[in-house]
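Reading the structure
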Amino acid sequence: SIFLGIESSCDDTAAAIVTGDRRILSSVVAGQTEMHADFGGVVPEIAARAHAERLDICAEQALAESGLTLCDLTAVAVTAGPGLIGGVMAGVMMAKGIAAGAGLPLVGVNHLAGHALTPRLTDGIDFPYLMLLVSGGHCQFLRVDGPQEFSRLGGTIDDAPGEAFDKLAKLLALPQPGGPSVEAEAALGRADRFELPRPLLDRPGCDMSFSGLKTAALRLRDQLIAEQGGLRQSDRQDLCAAFQTAVAEVLAEKSRRALALSPAPFLAVAGGVAANKTIRAALEQVAWDAGACFLAPPLRLCTDNAAMIAWAGIERFQTGARDGMDLAARPRWPLDSRAAPMLGSGK
Ligand code: ATP
Ligand code: FE
C-alpha cells in the first residue's frame, strides 16, 4: 500500500508519501518559524492562512519527489486533530478534495498517534512499548499496545519541557527556538552552581511539572542582575546547564517509574525535545537499567512531519478504519479516552 499523508495541526505544513513496508518515498515540511517570530508564539490566524496557501504545493511536491502520481496511491491520511483548528480544517479539506477527486479512501489520524507510532515506522518494533512524547506542546507517557490502543500513564500538569526551554531562552535573551540555544550554552556551563527544584519528584506517579523551574530560573536571574548589574556569559551558561540537568533528571526519574509501573521491552521518545543530548543520554540509561531498548527516531521524524501521519493512516487502514466526507477537524482529541476527560472536544 502507498499513502499520502497530510499534516497541518501546528506551525508546520507537511506532506509525505509512505509505503506499507515502511519506506518513506518523500517527506516535505514547510515550517513557519519566521512568520511567528515577532509574536512570541504561534499565531493561529497566521498559521491557518499559511497552511491554506501551502498545502497544495507541499502535496504536489511530495508526489513529485516520490516519482508517483495520484493513481498510484492507496489512500489519503490526514491529521484530523488535536491542534489549532484553522490549520487542521485546512488539512482535512485538502485531504477530502484529493480523496474525492482521485476516488481514494480517506483516513483521519490523531496527530499524537502519529508521534506515538513513529518507532514502528522507523524501527519496525512490535507492541507493546512505552513512549515519552516530549515537545513544545506536549509531555506525556503513553503505553502503546496496538495501533489504536494507547494508555496515558502521566504527563505534565503545566508547561511542556520544550515550552520551558523556550521561555528560559527568552529570559536569558537567547535565540528561539530555545531548546538548541539553551543546550549550546549548557554545554559550556556548570550544572552544580545553581540549585533548581525537581518538581513533583516527591510525589508518586508519572505526572510532571515544569513551570516552577522557569520561575526559579527567573528569580535567580533577577538576583544576579540585582547583585552584579547584569548577566555574565558564565551566568547564562551555568543557568542553562542547571536547567537542562533538572529537566533531564525529572524526565529520567519519571521514565523509570513509568517503566516500573508498566514494563515494556522498548522505551521510545518523540518530539523536538528528544533532540537534546543530555536528555537522550539520561533516558538511554534509564532504559538500560530497566533492561529495555531505547529508541529515538531521527530528529526530522521526531518533530512534526507528515510521514508519521501517513504511517499512522496505514496502521489505522489495516484495522479496517475508513472515514467519509463527514470527517471532522477536532481541536481536542485525547489519545486515551479513559484517562482524559473529553471537555470541549470536537465530538
Ligand atoms: P507539538 O508538535 O507537540 O504541538 P511543537 O511543534 O512545538 O509542539 P516540536 O516541533 O516537536 O514541538 O518541538 C519543538 C520544541 O522542541 C521547541 O520547544 C524547542 O525548544 C524544543 N527543542 C528543540 N531542540 C531542542 C534541544 N536540543 N533541547 C531541548 N529542547 C529542544
Ligand atoms: Fe507534534
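Residues numbered from 1 in each chain as written. Chains lettered and ligands numbered in written order. Predicted model: local features only at pLDDT ≥ 70, side-chain atom pairs only at ≥ 80, totals over all residues.

Labelled according to an unreviewed UniProt entry, the protein chain appears under the name tRNA N6-adenosine threonylcarbamoyltransferase, originating from Paracoccus saliphilus. Quoted verbatim from the Catalytic activity (unreviewed entry) field of the UniProt record, the comment on the protein chain reads "L-threonylcarbamoyladenylate + adenosine(37) in tRNA = N(6)-L-threonylcarbamoyladenosine(37) in tRNA + AMP + H(+)". One UniProt comment on the protein chain, placed under Subcellular location (unreviewed entry), says "Cytoplasm". (UniProt positions renumbered as here; feature names shortened; annotations may be inferred.)

**Some points on the UniProt feature "binding site: substrate" (unreviewed entry) in the protein chain**
Cross-referencing UniProt, the feature "binding site: substrate" (unreviewed entry) maps to L133, V134, S135, G136, G137, D166, G179, E183 and N276 in the present numbering. For S135, the position within the fold is in the loop between β6 (129–134) and β7 (139–146). Leave out the neighbours within four places in its chain, and S135 touches A160, G162, G271, G272 and V273. Checked against the element boundaries, G137 lands in the loop between β6 and β7. (Helix = DSSP H or I, 4+ residues; strand = E, 2+ residues; numbered from the N terminus. Contact = placed C-beta atoms within 7 Å.)

**Quick look at the site of ligand 1**
Close to ligand 1 lie 21 residues, the nearest being G136, G137, G162, G179 and G272. Within the shell around ligand 1, the residues separate by chemical class into 6 nonpolar, 11 polar and 4 charged. (Near = placed C-beta within 6 Å. Nonpolar A, V, L, I, M, F, W, Y, C, P; charged D, E, K, R; others polar.)

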